[in-house]
Amino acid sequence: PKYVYEFAEGNKDLKDLLGGKGANLAEMTNLGLPVPPGFTITTDACRHYLDHGQTPDGLDTEIEEKLRALEARMDKKLGDANDPLLVSVRSGARYSMPGMMETVLNIGLNDDSVHGLAAQAGDERFAWDSYRRLIQMFGKTVLDIDGDLFEDAIEEAKRAKGITNDLDLDAADFERLVQGFKDIVAEQTGRGFPGDPREQMDLAIRAVFESWNAPRAALYRRQERIPATAGTAVNVCSMVFGNMGMDSGTGVAFTRDPASGQQGVYGDYLQNAQGEDVVAGVRNTVPLGDLERIDKGSYDELMSIMEKLENHYRDLCDIEFTVERGKLWMLQTRVGKRTAAAAFRIADQLVDQGMITLSEAVTRVTGDQLAQLMFPRFDETAERHRIGRGMNASPGAAVGRAVFDSYTAIKWSRSGESVILCRRETNPDDLEGMLSAQGILTSRGGKTSHAAVVARGMGKTCVCGAEELDIDTKNRRMAAPGGDVVNEGDVVSIDGTSGEVYLGEVPVVASPVVRYFEGVTDPASSEADDLVRAVHRIMRFVDAARRLDVRANADTAEDAARARRMGAQGVGLCRTEHMFLGDRRQLVEQLILADTDKEQEEALAALLPLQRADFVSIFDSMDDLPVTVRLLDPPLHEFLPDVTELSVRVAVAEARGEKHENDLRLLQAVHKLHEQNPMLGLRGVRLGLVVPGLFTMQVRAIAQAAAERRKQGGTPRPEIMIPLVGTVQELEIIREESMRVLREVGEEYGVELDFPIGTMIELPRAALTAGQIAESAEFFSFGTNDLTQTVWGFSRDDVEASFFSAYLEKGVFGISPFETLDIEGVGRLVRIAVEEGRAARPDVKLGICGEHGGDPASVHFFHSAGLDYVSCSPFRVPVARLEAGRAAA
Ligand code: PEP
Ligand code: MG
């Protein structure tokens, strides 16, 4: 195989082979743009090296050939004493892994060529500075020397000279530093810094290969689900210098604003500097627009290149460039990252400009981005005082009083205060405090830290790793770099979408996108901005394109109505358990405690009209659309009082000699119903089989409600769903009873009530025997919450707060299987059930109503598994619509 490609030999579609950077350098070269010549060593070569511990046969010769060609082209020799060619060696994988792997610049410098470079550039200082940079980067990345040793030496040199700015170091200082750096290398490695240019290059190439397996890179890949076997390419590129004086410089540019999506000139420029100076923030950059004044020729050329790139890639591009003594060079481009709002705006603009079609536009936006646009946000027009920024760990806008421990968070929130829990980092002890807070702010830890993971799980706004904030939990205060101090009780506002932290209250407004989805904003009116119009156009397209229906999980008429406004095509899961809470708990207690059939019947009879009224209002909200009502699912003891409270009550009554018969009976019932593993206990269909009359009462209420709605002129379309079925026999018994009730009520009201009866598939056994179950079920709805719980053996209520953050940190999985469906395991059972269910009953209706119904990646899986619909919370309905459309487009 061929292991080395000159830039001109590649193109942008060869990312697997040449990595993202290499493929795009090739593309730019072939577009005739000014790219410094060079070549790319393929990911194949990297994989070979990692597998065998040595480079593949022939690689050496190929590199030699390409290097000779490069030298001929540049009319310079690598490391030549009089006029040296210098090169950079940069990593560049298929997937962007920012800062994870290595780069070495200025290869080819040694004790001889440094003089040649000085003579050619007419700049001694520049040459010695370049040489010390080489030893420093090479020492750190290739020779694994602690970078602080070099930094300390620079600091020491500045101190000795009584200066603070790098720019005040002169040629002689750098020459001395070069000697000092060489001493460090010799001390740390036992051998001298390699002066042979080709050896420098080869060692750097190997170091880049090896950096693929550096722990931080491996961790990043696991988290981002980048295949560990992909390997990185290596780009060897002739050096151009932005640090050759004030007519030189380096910068980044975007073809549109990556924050808003607006067209214009966006980027930063730094005179007399190299790329790493910009990253390190040594000096302040100027806006890209200023380049026009500094160097009009380069500016004009850059603008025309940007236009060319955008027309070519048909998308927002980001660019790194360098100006060397008035000559512009392109160092990198790629299709750029952007915010959610920018993604929708840009997709829409590109359609308007005729650059892409609508079906391409939907590939440019994601459900996650849409979800971000739906969170409430801070009023952009309001005054605000920013005191810090961290990572945008969990979106939303939260305002509250700063508290520094969980105990205070709980106490204050109980008395009605909104609080922001501020911690250095959180741990499982903080759980209750996090729950009671409006938002969470930490100064340490990344997006997979405990705070971030748990907050996302709770849907709480969270900013994490705001390192510039000094959070002092002992003294209950936090200090910001600008001198602001936040004491306990001071109001702060945190933006989980951007990561910003503000002092004081910033007003929160509903997202304009939600106002559109709720029907408040007409997209054709002048009230709608370009973002709303973009969302509207894309939603219209995906609704026409998608094959999956989208329903909502809604338990009340209000939720159902809201879901319908958001585009839900029915209710896929109406959980009936909340209908047994509140005032009705008494009746449920009576049902559970009943000694006689009569008492039990009375309790059921009292519940019946209440349930019926619930259903009437939901059927009304969802008139003419299906409503899947699930019969009671949770273990009964959830409806009884807490055992400790009850025991205390009984003991107190006993001590006082008061009457306490009822409480005593309750306590006995609580003990009797107590289970070690309630989630695997008496719940779901098991209740229907064990508690006489419970399910039939519910079916009767559904049937009567439907009959009443019909009389009122409505078109109710209930579907009766039995939870937690493991075997067809369970279902068969409930189904027989239910059909009898439907007939009875039908006769009573003089109408025909023939509603689908189906089941949830939420136990592995149900999935594995779906063929049998389908004989008796007219529909399946996958309960992927319980299915995930039972397939993994993870307690869904406990794990996210218990060991998941450790699992995520160690990369066991990149995302919780309760959030994104585990396609290999749980998904396999779904596919089996789909196949066997359809084989037994070709028209069996197939849906999913677990949390995964609103998760983008999972929706794509459900599409490919051939389901008929997904059901999710009302707020996720637009997200599911978009992703279902993207899956089909
Ligand atoms: C499920 O298990 O996926 C489901 C939808 O039911 P619940 O979450 O109510 O157990
Ligand atoms: Mg369930």
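The rules we used
Residues numbered from 1 in each chain as written. Chains lettered and ligands numbered in written order. Predicted model: local features only at pLDDT ≥ 70, side-chain atom pairs only at ≥ 80, totals over all residues. Helix = DSSP H or I, 4+ residues; strand = E, 2+ residues; numbered from the N terminus. Buried ≥ 20, exposed ≤ 12 C-beta atoms within 10 Å, placed from the backbone. Contact = placed C-beta atoms within 7 Å. UniProt positions renumbered as here; feature names shortened; annotations may be inferred. Near = placed C-beta within 6 Å. Nonpolar A, V, L, I, M, F, W, Y, C, P; charged D, E, K, R; others polar. pLDDT = per-residue confidence, 0-100. Pairing = 2+ DSSP bridges. Axes fitted to C-alpha atoms, helices over the stretch in contact; angles between N-to-C directions.

Visitor: Describe the overall build of the chain, with residues and values.
Guide: A tally of helices and strands in the chain yields 35 helices and 33 strands. Principal axes of the C-alpha set define a box for the chain whose edges measure 105 × 65 × 60 Å. Burial status across the chain gives 49% buried among its 889 residues. Sequence separation of 24 or more characterises 67% of the internal contacts of the chain that already satisfy a separation of 6 or more.

Visitor: So, the UniProt feature "binding site: Mg(2+)" (unreviewed entry) in the chain: which residues are in play, and what are the values?
Guide: The UniProt entry lists Glu 762 and Asp 786 under the feature "binding site: Mg(2+)" (unreviewed entry), expressed in the numbering used here. These residues run over 25 residues, yet every pair of their C-alpha atoms falls within 5.3 Å of each other. For Glu 762, the contacting residues outside a window of four places in its chain are Leu 724, Gly 783, Asp 786 and Leu 787. Given 23 C-beta atoms within a 10 Å radius, Asp 786 is considered buried.

Visitor: Can you tell me about the site of ligand 1, naming the residues and giving the values?
Guide: Around ligand 1, a shell composed of Leu 573, Arg 575, Asp 633, Glu 762, Gly 783, Thr 784, Asn 785, Asp 786, Cys 849 and Gly 850 is seen. Contributions of two or more residues to the shell around ligand 1 are made by strand 27 (571–575) and helix 31 (784–792). Top contributing element to the shell around ligand 1 by residue count: helix 31, with three residues. Among the residues forming the shell around ligand 1, the class breakdown is two nonpolar, four polar and four charged.

Visitor: Break down the confidence of the model for the chain for me, citing the residues and quoting the values.
Guide: Taken over all residues, the pLDDT of the chain has a mean of 92, while the share at 70 or more is 98%. Reported confidence for the predicted complex is 0.99 by ipTM and 0.85 by pTM.

Visitor: Describe the environment of Leu 270, listing the residues and the values that go with them.
Guide: Relative to the helices and strands, Leu 270 resides in strand 9 (residues 263–271). A count of 21 C-beta atoms within 10 Å places Leu 270 in the buried class.

Visitor: Which residues make up the sheet that holds strand 26 (residues 549–553), and what values do they have?
Guide: The parallel closed barrel is built from eight strands, whose spatial order is 26-27-28-29-30-31-32-33. Shown here is a sheet whose adjacent strand axes are inclined to one another by a mean of 30°, direction ignored. In this structure, strand 27 lies alongside strand 28 (residues 626–630), joined through three bridges in parallel fashion. Within strand 28, the residue paired with Cys 574 across the bridge is Val 629.

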